[in-house]
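Chain residues, written in single-letter form:
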Amino acid sequence: MTTDTLPAMTGRPAPVLTLDPYADEILLDPFPAYAEIREAGAAVFLERHGVYAIGRHRDVQAALKNWRDFSSTGGSGIADIRKPGAWRAPSPIVEVDPPDHTRVRAVMQRVISPSVMRRWREEFEREAARLVDELLAQTRFDGVHDLSEAFVSTVFPNALGLPDSPERRDNLFLIGEWNFDAQGPRNARLEATTRRVAAIEGWHQEMMKRENQLPGGFGASIFEAADAGEIEAEVAPLLIRSFLRGGLDTSSSTISAALYYLARDPAAYTALRADPNKTRNVIEEAMRLETPIPYVGRLTMRDVVVDDVLVPADSKVIVMLPAANRDPAAWTDPDTFDINRTTQGHVALGYGIHMCVGQAIARLEGEVVLKALAARVETLELTEEPTRKLNNNLRSFASLPLRAQ
Ligand code: HEM
């Protein structure tokens, strides 16, 4: 039985857990905590933060599908942004429900539709080939800094239409880091990123303006939709903001994860070289295992029963995507990297009406990088253990020392 199948108020109280999903040791290795959450109940109460959490695959999908009861208007993170003292303006796409969501989403979907992305493919392929050739010449490189981040921070802002500048790459990654820290609690990690991002707030604001969207990019198309009256004029810069904040770290985290799993599994890498069409599966499997955005926030609009557990009205809920993506009830050998498994049903890109609108970009970026590698690199190995970058709501590597030959 899943969400909303019992009459309200018949559920049992949620089990109370003391674990803190934002503690360093859990960010480094979150999987035992996810197992504890799944095993404790269909919904649990995390007393440390005063929020509920859902981690079983079927309940995660059901909650994300049920936008009427699990609203996005309370904010995509752990904080309830409707409460007094809310400290940021809601996103006009991710933090709204229908009908407001439907109109804005339609514009975004058109601006980055699969047919638009087909026009960018050649340029993405060229950049991937150029980067991989350059790295092959030096044999050893860092998979995060030199490949996945270098690639994404070139092709994505170019397609968006942001003018290039020496500070563009570092600024965009800092904005992303701050954005995802801000989806967690107001802890020391967020305070530190907030101090750093303050120094580039002027640049961040400038990049949302119409005059900084070069012709032919996604940004210019968004302002054209505003001119045509499809969205309000003030929504256009906020949509550019979504691109700046959510479009880089997520894709580069996925590409780094794919490199990591391939470097640890020579048989999988050989299979990919033999059949480059497996690229798509490798990317999906890396997304499933890594799940770059771990938690999406929802707010209950009435008492809701999740399986047999009551989540009272007006509760903030964090929907735990990686817990669902490794739920043994949904996946065989959930912790194993298997490029032949059917990955359909993974929730790394979300599920339901808010499912990632940028997924075609992320998939294209991953595909062209892996194809460029598979075509040129015979063996890919880790030369040292990678390190993790800790963030409140972004799972990624800080370094991935690789040798390619
Ligand atoms: C592998 C890379 C990516 C991952 C893992 C990812 C993950 C997600 C997830 C989990 C959601 C659902 C949020 C929710 O339900 O509250 C989402 C929505 C969204 N993503 Fe992505 N994303 C990725 C790439 C991108 C890119 C490249 C863009 C750039 C355009 C983007 C823009 C968005 C936007 C605007 C939404 C909100 C959609 C809506 O509310 O209708 N994402 N993404």
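Our subject in this report is the structure included herewith.

The rules we used
- Residues numbered from 1 in each chain as written.
- Predicted model: local features only at pLDDT ≥ 70, side-chain atom pairs only at ≥ 80, totals over all residues.
- Near = placed C-beta within 6 Å.
- Helix = DSSP H or I, 4+ residues; strand = E, 2+ residues; numbered from the N terminus.
- Nonpolar A, V, L, I, M, F, W, Y, C, P; charged D, E, K, R; others polar.
- Pairing = 2+ DSSP bridges.
- Axes fitted to C-alpha atoms, helices over the stretch in contact; angles between N-to-C directions.
- Core = buried A, V, L, I, M, F, W, Y, C linked by C-beta atoms within 7 Å.
- Buried ≥ 20, exposed ≤ 12 C-beta atoms within 10 Å, placed from the backbone.
- Contact = placed C-beta atoms within 7 Å.

What follows covers the site of the ligand. The immediate surroundings of the ligand are formed by 26 residues, with Gly-247, Thr-250, Gly-350, Cys-356 and Gly-358 found nearest. Secondary structure elements with two or more residues in the shell around the ligand: α11 (235-246), α12 (249-264) and α16 (359-376). Of the residues assigned to the shell around the ligand, the class counts are 14 nonpolar, 11 polar and one charged.

Quick look at the sheet that holds strand β8 (residues 304-306) now. The three strands lie next to each other as β1-β9-β8, forming an open sheet whose pairing is mixed. Across the chains shown, the open sheet's two edge strands, defined by having one partner strand only, are β1 (12-13) and β8. Across three bridges, β8 lies against strand β9 (residues 309-311) in antiparallel orientation. Its bridge partner being in β9, Val-305 is matched across the sheet by Leu-310.

Attention shifts here to the sheet that holds strand β11 (residues 380-382). With antiparallel pairing, three strands are arranged side by side in an open sheet as β6-β14-β11. Of all strands in the sheet, those with a lone pairing partner are β6 (140-142) and β11, marking the two edges. Averaged over neighbouring strand pairs, the angle between their axes works out to 35° when direction is ignored. Across three bridges, the pairing between β11 and strand β14 (residues 401-404) is antiparallel.

Note that soluble globular proteins tend to have their nonpolar side chains buried in a common cluster. Membership of the largest hydrophobic core comes to 113 residues, with the highest contact counts inside it found for Ile-54, Ala-258, Leu-262, Val-319, Met-320 and Leu-321. Considering every element that reaches this core, the biggest residue donor is α16, with nine residues. With sequence-adjacent residues up to four places away left out, Ile-54 is seen in contact with Ala-42, Ala-43, Asp-59, Val-60, Ala-63, Val-306, Val-317, Val-319 and Met-320.

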